[in-house]
Amino acid sequence: MFFETKNGMKPPPFKRSVYTALVLPRPIGWISTLSKGGIINLAPFSFFNAVSGDPPCVIYCPNGWKTGLKEAKDSLVNVEETGEFVFSICTFELREQMNKTSAHVPSSVDEMALAGLEAADCKLVAPPRVKASPIALECKYLQTVKLPESRDKSPNNIVLGQVIGVHISDEVIVDGMIDVRKVNPLSRLGYLDYATLGDVFSINRPD
Ligand SMILES: Cc1cc2nc3c(=O)[nH]c(=O)nc-3n(C[C@H](O)[C@H](O)[C@H](O)COP(=O)(O)O)c2cc1C
């Protein structure tokens with residue numbers, strides 16, 4: 001089949017928007033920020049990725065409004081006000097806590113505590129990382145790129161940041177490499193689906 005996207009992403013026979021089931025699996029950017037008043041916000045973003053290596057830069061996309069309100073998501077407000085964010089990798093073991101941090105709660109609520117997670121201090125930025133996560137990236141905010149609005153006029157944004165510090169748990173470093181089996185990252189599929197790693201194999205480059 002083929003469809004144009006101007007009328008949305010749910011043409012027949014699809015029961016739900018099909019878009020997130022088309023580009024996959026997606027890494028989950030578990031992003032912590034601090035409000036101006038120092039409250040921790042933590043939220044998952046599957047519109048997230050590493051986009052350059054030197055200097056290392058990442059993006060996440062806080063899109064739409066807070067549920068029921070015409071207010072920007074805390075992950076956007078906070079990063080634009082404070083200039084810092086932290087990525088913690090989400091593992092299979094942390095899946096339930098990650099899901100809890102996607103709840104829309106007032107900005108006065110510490111979402112690390114809400115999900116029963118312990119916060120660990122960062123070295124170069126003020127927002128904490130998720131202590132139980134084996135990999136975390138400390139990031140300086142670079143800019144927000146405004147994307148076209150949704151059909152309901154809600155906003156879409158790319159937040160771009162530069163990674164300035166890296167935490168790696170010693171437990172996932174084996175023979176000078178990251179052992180991905182020990183990391184056990186969670187990835188996002190379409191709908192309410194997730195995946196863990198399948199087979200891992202290498203392919204040599206042609207040149
Ligand atoms: C696995 C997962 C991935 C998500 N990815 C996104 C995303 O890429 N962009 C987005 O705006 N919301 C995404 N959400 C919803 C946000 O996590 C949710 O709106 C969150 O409360 C952010 O709001 P806050 O910044 O105000 O805390 C995702 C939720 C889940 C469970």
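Scroll up to find the structure.
Per chain, the residues get numbers from 1 upward, laid out in the order the sequence is written. Totals for whole chains, interfaces and linings use all residues, but because this is a predicted model, local features are given only for residues with pLDDT of at least 70 and pairs of side-chain atoms are given and counted only at 80 or more. Only hydrogens and water are set aside when side-chain values are computed; all heavy atoms of the structure are taken into account.

*Asks:* What is the right way to look at the nonpolar core in this model?
*Replies:* Note that soluble globular proteins tend to have their nonpolar side chains buried in a common cluster. Ile31, Val58, Tyr60 and Phe85 are the most contacted members of the largest nonpolar core, which totals 18 residues. The helix and strand labels rest on DSSP assignments: H or I over at least four residues marks a helix, E over at least two residues marks a strand, and numbering proceeds from the N terminus. The set of elements that each furnish at least two residues to this core consists of strand S3 (40-45), strand S5 (56-60), helix H1 (74-82), strand S6 (84-89), strand S9 (135-147) and strand S10 (156-168). Working rule for contacts: check all heavy atoms of both residues, and any pair within 4.5 Å makes them a contact. What valine 58 contacts, discounting residues up to four positions off in sequence, is Phe48, Asn49, Ala50, Val51, Phe85, Leu137, Cys139, Val159, Leu160, Gly161 and Val163. We define a nonpolar core as any set of buried Ala, Val, Leu, Ile, Met, Phe, Trp, Tyr and Cys residues linked to one another through side-chain atoms lying within 4.5 Å. Relative accessibility under 20% of the residue-type maximum defines a buried residue, over 50% an exposed one, and the middle range a partly exposed one, all with a 1.4 Å probe and only protein chains included. In this structure, Ile28, Trp30, Leu34 and Leu94 belong to the second largest nonpolar core, which totals 13 residues.

*Asks:* Help me out: how do you make sense of the site of the ligand in this one?
*Replies:* The local shell around the ligand holds 20 residues, among which Pro44, Asn63, Lys73, Ser75 and His104 are the closest. Within 3.5 Å is the distance limit for a polar contact, defined as a pair of N or O atoms, with the added protein rule that one can donate a hydrogen and the other accept it, and that residues adjacent in sequence qualify only through two side-chain atoms. In this structure, a nitrogen atom belonging to the ligand sits 2.8 Å away from a main-chain N or O atom of cysteine 61. With respect to the ligand, the backbone of asparagine 63 contributes an N or O atom lying 2.8 Å from an oxygen atom. With residues, only the protein chains shown are counted as cover, and all accessible areas are computed by Shrake-Rupley using a 1.4 Å probe. Alone, the ligand offers 630 Å² of accessible surface; in the complex the protein occludes 90% of this. Consider each residue's heavy atoms; a residue with any of them within 4 Å of a molecule or strand counts as near.

*Asks:* Whenever I open this one, the sheet that holds strand S13 (residues 187-188) confuses me. Can you help?
*Replies:* Where strands meet in a sheet, backbone hydrogen bonds hold them as pairs that are either parallel or antiparallel. The strand order across the open sheet built from 3 strands is S1-S13-S14, with neighbouring strands paired in antiparallel fashion. The open sheet is flanked by strand S1 (26-27) and strand S14 (194-195), the only strands paired with a single partner. By the convention used here, strands pair only if DSSP detects at least 2 bridges between them. Across 2 bridges, the pairing between S1 and S13 is antiparallel. What sits directly across from proline 27, in S13, is serine 187.

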